[in-house]
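The residues making up each chain are set out below.
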Amino acid sequence: FSYAEGDHAGLAPTATEPFTHYVLDTNLSVVDSLQMKHGYQTDFHEFLLEPNGHAVLMSYHATTFDMRTIVPGGKPNCQLILNILQEQDAAKNPVFEWRNIDHIPITDTDLPLTDARINYSTLNAYELDNDGNYLASFRNHSEIMKISRTTGELLWRWGSPRSQFIFVGEHAENAPYYFARQHDIRRLP
């Protein structure tokens, strides 16, 4: 079992509102605690303990970005929220780190790009696929993506106009958003 604890007043944890994930044993006693490394604040949306003793955490990381370089009318000091996935080994050393900005264009969001604050992806859930790569849900892309656990490359995208899959038997009037704004992902057998 696990739970996240921390103060959270805004849309993403800040340096003054750190979250910690606590791991419990079968007696519900705390046996471990984890936080993001490399200066990222831990987010509460998802936490994964892997069979090999590794843990996967995530962060919503705010950075200042000049959106004028992306879109006309963009703010020069936009607060751009990045999504970070970080896998830590049993000794809590990061062994894999993935940032959305390195793999997903900002323009792929469903949100207006002229706002002063943009959480352009909104990673909200992830888990391991049978092949060991990550399946991840991105609300503001209305997509599920598969991420290589080796290279960080996007292996495929499902949903939205960028989908690499065809929906069969769906109502054409719903295209291309056969699902939208999802907030979870679980791989089924």
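Rules behind the numbers
Positions within a chain are numbered from 1, following the residues in the order the chain's sequence is written. Side-chain atom pairs in this predicted model are given and counted only at pLDDT of 80 or more, local residue features only at pLDDT of at least 70, and totals for whole chains, interfaces and linings cover all residues. Side-chain figures throughout are based on the complete set of non-hydrogen atoms in the structure, without hydrogens or water. Only protein chains enter the area calculation, which uses a 1.4 Å probe; residues under 20% of their type maximum are buried, those over 50% are exposed, and those in between are partly exposed. Secondary structure is summarised from DSSP: a helix means a run of H or I of at least four residues, a strand means a run of E of at least two, and numbering begins at the N terminus for each. Strand pairing is assigned whenever DSSP detects at least two bridges linking the two strands. Salt bridges are counted wherever a side-chain nitrogen of Lys or Arg sits within 4 Å of a carboxyl oxygen of Asp or Glu.

K.L.:
Looking at this structure, I do not really get the pairing of strand β2 (residues 20-24). What am I missing?
P.N.:
The two faces of a sheet get side chains in turn, since along a regular strand they alternate between them. Along β2, 4 of the 5 residues are buried, which leaves the element largely enclosed by surrounding structure. The pairing of strand β1 (residues 2-5) with β2 spans 4 bridges and is classified as antiparallel. Looking across to β2, one finds that Glu5 is bridged to Thr20. Linking two consecutive strands that pair antiparallel, namely β2 and strand β3 (residues 30-34), is a turn of 5 residues; a positive phi of about 65° is found at Leu28 within it.

K.L.:
Just checking my understanding: could you explain the pattern of salt bridges for this structure?
P.N.:
Opposite charge on two side chains permits pairing when their charged atoms draw close. Considering all chains together, one arrives at 16 salt bridges under this definition. In this structure, Arg181 and Asp110 form a salt bridge, with 3.7 Å as the shortest nitrogen-oxygen distance. Of this pair, Arg181 sits in the segment after β12 (154-158) while Asp110 sits in the loop between β7 (94-99) and β8 (117-118), placing them 71 residues apart in sequence. What makes Arg181 partly exposed here is its relative accessible area of 33%. According to the relative accessible area criterion, Asp110 is partly exposed, its value standing at 27%. Glu127 is paired through a salt bridge with Arg186; the nearest N and O atoms lie 3.4 Å apart. Of this pair, Glu127 sits in strand β9 (residues 123-128) while Arg186 sits in the segment after β12, and the two are 59 residues apart along the sequence. What makes Arg186 partly exposed here is its relative accessible area of 42%. Each of Glu46, Glu127, Asp184 and Arg186 takes part in one network of salt bridges that share partners.

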